[in-house]
Amino acid sequence: DTAVSQTPKYLVTQMGNDKSIKCEQNLGHDTMYWYKQDSKKFLKIMFSYNNKELIINETVPNRFSPKSPDKAHLNLHINSLELGDSAVYFCATRDRGNTGELFFGEGSRLTVL
Amino acid sequence: SQQGEEDPQALSIQEGENATMNCSYKTSINNLQWYRQNSGRGLVHLILIRSNEREKHSGRLRVTLDTSKKSSSLLITASRAADTASYFCATDGSSNTGKLIFGQGTTLQVKP
């Protein structure tokens, strides 16, 4: 059983489209994150939810909207996709409040043409 | 910004040699963590060192932390071809926001 699973793994779409990436965890962790990794492997935090509540919202265009329907799921919806949105998006989870290690999913590679 | 910087950006060594990667950061921290990322995969946690610790070992990994210099190093001893990956340091700020900030990573290639 995969602890943190993301779907889809690959997503190729046209500029202007709207797409979603889903994340599910079976670790029972309270906190979930979205990170964006660019082509230079730089990882930037985007959002964090703790028990369905948004707690971190970095300077991200409001075309990006996270949604956490329950503690085990955190989805990322992106409107009006732009070329610069092409990246690998990682979901991660964390236990023990705000300390401790992150558990990452395998990533969702988004390519915007 | 708390952003960590890693050095070198890329490192190529022969199997059996030791690999040392360095990480510097800017603000005070609760802990510092090291992660590994194989090509096309997610990040995997390697080791966590708290701000009141100076050195930690895990198998062939040795991590040091110098909070006065705001720097850490990761040493991989007796490297293997399977150690080929990117390695990232990440800092957990002392303000306890839960925000783990990653460095830019070091790409390690271990030649058989």
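Reference entry: report on the structure contained in this document. Since this is a predicted model, take the numbers as computed values, not measurements.

Our next topic: the sheet that holds strand 3 (residues 19-25) of chain A. Strand pairing in a sheet relies on backbone hydrogen bonds. The paired strands run either parallel or antiparallel. Residues and elements named next belong to chain A. Taking strand neighbours across the sheet as the criterion, the four strands line up as 1-3-8-7 in an open arrangement whose pairing is antiparallel. Edge strands, defined here as strands with exactly one partner in the open sheet, are strand 1 (4-7) and strand 7 (64-70). Neighbour-to-neighbour, the strand axes of this sheet turn through a mean angle of 20°, independent of strand direction. Two strands pair when backbone bridges link them, and strand 1 and strand 3 are joined in this way by four bridges, in the antiparallel orientation. The residue bridging Gln6 from the neighbouring strand is Cys23, located in strand 3.

Moving on, we get to the state of the cysteines. The final tally for this structure, using the stated rule, is two disulfides over all chains. Shown here is the disulfide that connects A:Cys23 with A:Cys91, its sulfur atoms set 1.9 Å apart. Judged by the sign of its S-S torsion, about -75°, the bond between A:Cys23 and A:Cys91 is left-handed. Pair noted here: A:Cys23 is in strand 3 and A:Cys91 is in strand 9 (residues 87-94), with a separation of 68 residues, a long-range link. A residue is classified by how much of its surface remains accessible, and A:Cys23, at 1% relative accessible area, is buried. The disulfide partner of B:Cys23 is B:Cys89, and the gap between their sulfur atoms is 2.0 Å.

This next bit is on the layout of surface pockets. Unoccupied space between atoms shows up once a probe the size of one water molecule is rolled over them. Considering only enclosed or pocket space, the largest pocket measures out at about 450 Å³ in volume. Around the largest pocket sit 26 residues that line it, and A:Gln37, A:Val88, A:Arg109, B:Gln37 and B:Gly40 are the ones nearest its centre. Elements supplying a minimum of two residues to the lining of the largest pocket: strand 9 and strand 11 (108-112) of chain A together with strand 9 (85-93) and strand 11 (106-111) of chain B. Here the lining of the largest pocket is composed, by residue class, of seven nonpolar, 13 polar and six charged.

As a further point, take the packing of aromatic side chains. Counted under the stated rule, the structure contains eight aromatic pairs over all chains. Taken together, a centroid distance of 6.0 Å and an interplanar angle of 35° make the contact between A:Tyr33 and A:Tyr35 tilted. A:Tyr35 sits in the buried class, given a relative accessible area of 1%. Their ring planes at 80° and their centres at 6.1 Å tell us that A:Phe90 and A:Phe104 sit as a pair that is edge-to-face. Residue A:Phe90 is located in strand 9, and its partner A:Phe104 is located in strand 10 (residues 102-104); the two are separated by 14 residues in the primary sequence. Members of the aromatic cluster, each reached through a chain of ring pairs, are A:Tyr33, A:Tyr35, A:Phe90, A:Phe104, B:Tyr35 and B:Phe102.

For the rest of this paragraph, the subject is the sheet that holds strand 1 (residues 5-7) of chain B. Residues and elements named next belong to chain B. The five strands are arranged 1-3-8-7-6 in an open sheet whose pairing can be described as antiparallel. Both outer strands of the open sheet, strand 1 and strand 6 (55-58), are each paired with one neighbouring strand and no more. Taken pair by pair, the neighbouring strands of this sheet meet at an average axis angle of 15°, ignoring direction. Both strand 7 (residues 61-66) and strand 8 (residues 71-76) contribute to a ladder of six bridges, which runs antiparallel. By the bridge assignment for strand 8, Asp66 is matched with Ser71.

Basis of the calculations
- Residues numbered from 1 in each chain as written.
- Chains lettered and ligands numbered in written order.
- Predicted model: local features only at pLDDT ≥ 70, side-chain atom pairs only at ≥ 80, totals over all residues.
- Heavy atoms only, no water.
- Pairing = 2+ DSSP bridges.
- Helix = DSSP H or I, 4+ residues; strand = E, 2+ residues; numbered from the N terminus.
- Axes fitted to C-alpha atoms, helices over the stretch in contact; angles between N-to-C directions.
- Disulfide = S-S within 2.5 Å.
- Buried < 20%, exposed > 50% of the residue type's maximum accessible area, 1.4 Å probe, protein only.
- 1 Å grid on protein atoms, 1.4 Å probe; cavity = no way out; pocket = protein on both sides within 12 Å on 5 of 7 lines; lining within 4 Å.
- Points joined across faces, edges and corners; volume = space filled by probe spheres on them.
- Nonpolar A, V, L, I, M, F, W, Y, C, P; charged D, E, K, R; others polar.
- Phe/Tyr/Trp six-rings, centres within 6.5 Å; stacked < 30°, edge-to-face > 60°.

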